[in-house]
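Examining the three-dimensional arrangement
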Amino acid sequence: MATKIDKEACREAYNLVRDDGSAVIWVTFKYDGATIVPGDQGADYQDFIQQCTDDIRLFAFVRFTTGDAMSKRSKFALITWIGENVSGLQRAKTGTDKTLVKEVVQNFAKEFVISDRKELEEDFIKSELKKAGGANYDAQTE
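Residues numbered from 1 in each chain as written. Predicted model: local features only at pLDDT ≥ 70, side-chain atom pairs only at ≥ 80, totals over all residues. Heavy atoms only, no water.

Per an unreviewed UniProt entry, the protein carries the name Coactosin-like protein and comes from Nyctereutes procyonoides. According to its UniProt record, the protein has this under Sequence similarities (unreviewed entry): "Belongs to the actin-binding proteins ADF family. Coactosin subfamily." In its Subunit (unreviewed entry) section, the UniProt record describing the protein reads: "Interacts with 5-lipoxygenase (ALOX5/5LO) in a calcium-independent manner. Binds to F-actin with a stoichiometry of 1:2." (UniProt positions renumbered as here; feature names shortened; annotations may be inferred.)

This paragraph deals with the overall build of the protein. Scanning the protein from terminus to terminus reveals 4 helices and 6 strands. Mapped from its N terminus to its C terminus, the protein presents α and β elements in the order β-α-β-β-α-β-β-α-β-α. Over its C-alpha atoms the protein spans a radius of gyration of 16 Å, differing by no more than 12% from the 14 Å that the globule rule assigns to 142 residues. In terms of overall dimensions, the protein has C-alpha extents of about 60 × 30 × 25 Å along its principal axes. Across the 142 residues that make up the protein, the buried fraction comes to 39%. Sequence separation of at least 24 residues holds for 62% of the intrachain contacts in the protein that already meet a minimum separation of 6. For the protein, the exposed surface amounts to about 7,800 Å²; the carbon and sulfur share of it is 46%. (Helix = DSSP H or I, 4+ residues; strand = E, 2+ residues; numbered from the N terminus. Rg over C-alpha atoms; globule rule 2.2 N^0.38 Å. Buried < 20%, exposed > 50% of the residue type's maximum accessible area, 1.4 Å probe, protein only. Contact = heavy atoms within 4.5 Å. Areas by Shrake-Rupley, 256 points an atom, 1.4 Å probe, with all protein chains shown as cover.)

Let's shift gears to the pairing of strand β6 (residues 110-114). Pairing geometry for strand β5 (residues 72-82) and β6, over 5 bridges, is parallel. Paired with A77 across the two strands is K110, which belongs to β6. Each parallel crossover has a hand, and for β5 linked through helix α3 (residues 88-104) to β6 it is right-handed. (Pairing = 2+ DSSP bridges. Right-handed = clockwise from strand over helix to strand, strands pointing away.)

A few words now on the side chain of K98. Among the structural elements, K98 can be located in helix α3. With relative accessibility at 12%, the residue K98 sits in the buried group. Polar side-chain contacts of K98 include one of 2.6 Å to the side chain of E111. (Polar contact = N/O pair within 3.5 Å; in protein donor to acceptor, adjacent residues only side chain to side chain.)

Under the definition given, this model contains 7 aromatic pairs. The interplanar angle of 45 degrees and the centroid separation of 6.1 Å between the aromatic rings of Y31 and F59 together place this pair among those described as tilted. Highlighted residues: Y31 in strand β2 (residues 26-32) and F59 in strand β4 (residues 57-67), separated in sequence by 28 residues. Pair check on accessibility: Y31 and F59 agree, each one buried. Put simply, the rings of W26, Y45, F48 and F64 pair up and form one aromatic cluster. One residue, R57, lies across the ring of Y31, its end atom 3.8 Å from the ring centre. One cation-aromatic arrangement involves K110 over F112; the distance from NZ or CZ to the ring centre is 5.8 Å. (Phe/Tyr/Trp six-rings, centres within 6.5 Å; stacked < 30°, edge-to-face > 60°. Lys NZ or Arg CZ within 6 Å of the ring centre and 35° of its normal.)

As structure tokens, this is what we get:
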């Protein structure tokens, strides 16, 4: 059965994370049968990491505050989590299903495909986002 996505519900969750006035910094998109729907959401990145267990696959849209001495700004990441115990067929389908998620989640600085919890560490993701961000003025002194 072909995978579908609940675009309206997913777009609402996506916009909640993009809103700088919102406390919500992450949302997951999970499978409900053959449909991708919004999952959990929260204001603490560590709570998101707890969602990533070895037996599931999910997509997440996460807001990080990055920057340097000159400016702070929001950067967004699209994370595809594939747990170690997910079957080969489901792993393969996740790649094609991500195109559905990208119809909703269109603006992000960097995309990650992760199956090792160590790569979910906030410092690792932030450092990758910083590299993708271009100019870095931290090295300069006043």
